[in-house]
Amino acid sequence: MVTVMAKVICITNQKGGVGKTTTSVNLAYFLAKDKNRVLLVDVDPQGNASSGLGLDKGGLDASMTEVMLGAANFADIIQETAFKNFDLAPTTPQLANAEVEMAGMGQKFVMLKRAILSVARDYDYIIIDSPPSLSLLTVNGMIAADYLILPVQTEFYALEGVAQLLESMAMVRKAMNPDLKLLGVLATMYDKRTSLSVEVLAEVRKYFREKVFETMIPRNVRVAEAPSHGVPVGAYDKFSKGAKAYRDFAREVEERTGK
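Reading the values: the criteria
- Position labels on residues start from 1 in each chain and follow its written sequence.
- Whole-chain, interface and lining totals are the exception, using all residues; otherwise, since this is a predicted model, local features are given only for residues with pLDDT of at least 70 and side-chain atom pairs are given and counted only at 80 or more.
- In computing side-chain properties, one takes all heavy atoms of the structure into account and sets aside hydrogens as well as water.
- The secondary structure listing takes helices from DSSP runs of H or I that are at least 4 residues long and strands from runs of E that are at least 2 residues long, numbered from the N terminus.
- We call a residue buried when its accessible area falls under 20% of the maximum for its residue type, exposed when it is over 50%, and partly exposed in between, using a 1.4 Å probe and counting protein chains only.
- We call two residues in contact whenever any of their non-hydrogen atoms come within 4.5 Å of each other.
- Only the protein chains shown count as cover for residues, and the accessible areas themselves come from Shrake-Rupley with a 1.4 Å probe.
- Here, a strand pair is defined by DSSP locating no fewer than two bridges between the strands.
- Orient the strands so they point away from the viewer, and a crossover whose first-strand-to-second-strand path over the helix runs clockwise is right-handed.
- As used here, the arc is the angular range of directions from the helix axis to the C-beta atoms.
- Residues enter a nonpolar core if they are buried and are Ala, Val, Leu, Ile, Met, Phe, Trp, Tyr or Cys, with the set joined through side-chain atoms within 4.5 Å.
- Only residues above 30% relative accessible area that lack a salt bridge enter a patch, with like-charged residues linked at up to 9 Å and the nonpolar side chains Val, Leu, Ile, Met, Phe, Trp and Tyr linked at up to 5 Å.
- Basic side-chain nitrogens of Lys or Arg form a salt bridge, by our definition, when they fall within 4 Å of a carboxyl oxygen of Asp or Glu.
- Identification of polar contacts relies on pairs of N or O atoms within 3.5 Å, with a donor-acceptor requirement for protein atoms, meaning one able to donate a hydrogen and the other able to accept it, and with residues adjacent in sequence counted only if both atoms are side-chain atoms.

Asks: Explain the overall build of the protein chain here, please?
Replies: Within the protein chain, the secondary structure is distributed over 12 helices and 8 strands. Overall, the C-alpha framework of the protein chain stretches about 50 × 40 × 40 Å when taken along its three principal axes. Evaluated residue by residue, the protein chain yields a buried proportion of 53% over its 259 residues. Counting only contacts in the protein chain whose residues sit at least 6 apart along the sequence, the fraction spanning at least 24 positions is 79%. Total accessible area computed for the protein chain in this model is approximately 12100 Å², and 50% of it derives from carbon and sulfur atoms.

Pasting the structure below:
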């Protein structure tokens, strides 16, 4: 019997406010709804993916902070969410302090990869929500991943910093992870009623060509409200435009990863 390893996807953009965490949570949710076993790994010290799934971070005995410092086993900190097939590796704000400590560690670039490899046979997909910066934690995510997904907000300065991010990806491929691929670019907060959104989307497509996902995530109040209720938008309002878009996006991800 052949053991299948999880497909590991890092959601990353050094710009904040582009829908990175929202995309991580909702992609994981809809992949799980489609009968995939999914683990969402929160390595953003803000911990919004953890709190957006209703987790009480104050009640954790250990989290990604301890894992990244080698002080806890990854499997021991994984939590079941309220949703079938959907687990979470949570984090707390202390992860920001841990990143400083990691700088002096010999295995600082591969701590996340080592952790993920220890559970990769238990899942079909592992989604990494990385920080909005080109930090040591983000580099760990790139080294651990098979694929990157780049959410890009369809507003002014959408492509600002993207070249630097792609340079970092190229460096990681050359030095540590030659198989890393850009799975695709996701247009977020799209509003077809505004000429700016239409123009920016055209610019993104010109820059990335076939790498841009067909699905666009609309600016949608239900998507914005869902995290305050501790659930993905698909559980909050499954008939909303935002839920439909993320459902379609998850199917595109499955197609592009050969699932």
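Asks: Please explain the pairing of strand 8 (residues 212-218) as it appears in this structure.
Replies: Where strand 7 (residues 181-190) and strand 8 come together, 3 bridges link them in parallel fashion. Its bridge partner lying in strand 8, Val 185 is registered against Val 212. Once the chain exits strand 7 it traverses helix 9 (residues 195-208) before rejoining the sheet at strand 8, and the crossover so formed is right-handed.

Asks: Could you clarify how one ought to interpret helix 5 (residues 95-102) in this entry?
Replies: In an α-helix, one full turn covers 3.6 residues, which means residues spaced three or four apart are oriented alike. Where helix 5 is concerned, the buried positions are Leu 95, Ala 98, Glu 99 and Met 102. The buried residues of helix 5 occupy an angular sector of 105 degrees when the element is viewed end-on, so they sit on one face. Exposed side chains of helix 5 directed beyond 90 degrees from the buried face belong to Asn 97, Val 100 and Glu 101. Those residues of helix 5 that are buried are in contact with helix 3 (64-68) and helix 7 (136-144).

Asks: How should I be thinking about the pairing of strand 6 (residues 147-153) in this particular structure?
Replies: Burial within strand 6 is extensive, with 7 of its 7 residues counted as buried. Neither face of strand 6 is left uncovered, since the one carrying Tyr 147, Ile 149, Pro 151 and Gln 153 and the one carrying Leu 148, Leu 150 and Val 152 both have all their residues buried. Sheet analysis places strand 1 (residues 7-11) next to strand 6, joined by 3 bridges and oriented parallel. Considered in strand 6, the bridge of Ile 9 is made with Tyr 147. The handedness of the strand 6 to strand 7 crossover, carried by helix 8 (residues 162-175), is right-handed.

Asks: I keep staring at the nonpolar core and nothing clicks. Help me out?
Replies: A general trend in soluble globular proteins is that nonpolar side chains are found buried together. Counting residues in each nonpolar core, the largest one holds 47 residues, and the members touching the most others are Val 41, Met 64 and Phe 74. In this structure Met 64 touches Val 41, Asp 42, Val 43, Phe 74, Ile 77, Ala 89, Pro 90, Thr 91, Leu 95 and Leu 112, once residues within four positions along its chain are discounted. With 35 residues, the next largest nonpolar core counts Ile 9, Ala 32, Val 233 and Ala 250 among its residues.

Asks: Teacher, can you tell me more about a nonpolar patch on the surface here?
Replies: Taken together, Phe 156, Tyr 157 and Leu 196 make up a surface patch of nonpolar side chains, about 350 Å² in accessible area. Secondary-structure assignment places Phe 156 in the loop between strand 6 and helix 8.

Asks: How should I be thinking about the pattern of salt bridges in this particular structure?
Replies: Should their charged atoms come close, side chains of opposite charge can pair. By the definition in use, this model includes 9 salt bridges. A salt bridge links Glu 155 to Arg 219, with the shortest nitrogen-to-oxygen separation between them at 2.3 Å. On the criterion of sequence distance, the pair formed by Glu 155 in the loop between strand 6 and helix 8 and Arg 219 in the loop between strand 8 and helix 10 (221-225) is long-range, its members being 64 residues apart. Judged by relative accessible area, Glu 155 falls into the partly exposed class, the value being 30%. Looking at Arg 219, the relative accessible area reads 47%, which means it is partly exposed. We note a salt bridge from Glu 252 to Arg 256, for which the minimum N-O separation is 3.9 Å.

Asks: Help me understand the environment of Thr 91 in this model?
Replies: Relative to the elements of secondary structure, Thr 91 occurs in the loop between strand 4 (86-89) and helix 5. In this structure, the C-alpha to C-alpha distance between Thr 91 and Val 162, residues 71 residues apart in sequence, is 26 Å. The residues contacting Thr 91, other than those within four sequence positions of it, are Asp 42, Asp 44, Gly 47, Ser 50, Lys 57, Ser 63, Met 64 and Thr 65.

Asks: Before we go on, may I ask you to explain the environment of Ala 98 in this structure?
Replies: Relative to the helices and strands, Ala 98 resides in helix 5. For Ala 98 and Asn 73, which are 25 residues apart along the polypeptide, the C-alpha to C-alpha distance reads 16 Å. Not counting residues within four places of it along the chain, the set of residues in contact with Ala 98 comprises Thr 65 and Leu 69.

Asks: Can you help me understand the side chain of Asn 26 in this one?
Replies: Structurally, the position occupied by Asn 26 is in helix 1 (residues 20-33). Of note is the side chain of Asn 26, whose polar atom sits 2.9 Å from the backbone nitrogen of Val 233. Ignoring any residue separated from it by four or fewer positions in sequence, one finds Asn 26 in contact with Pro 232, Val 233, Gly 234 and Tyr 246.

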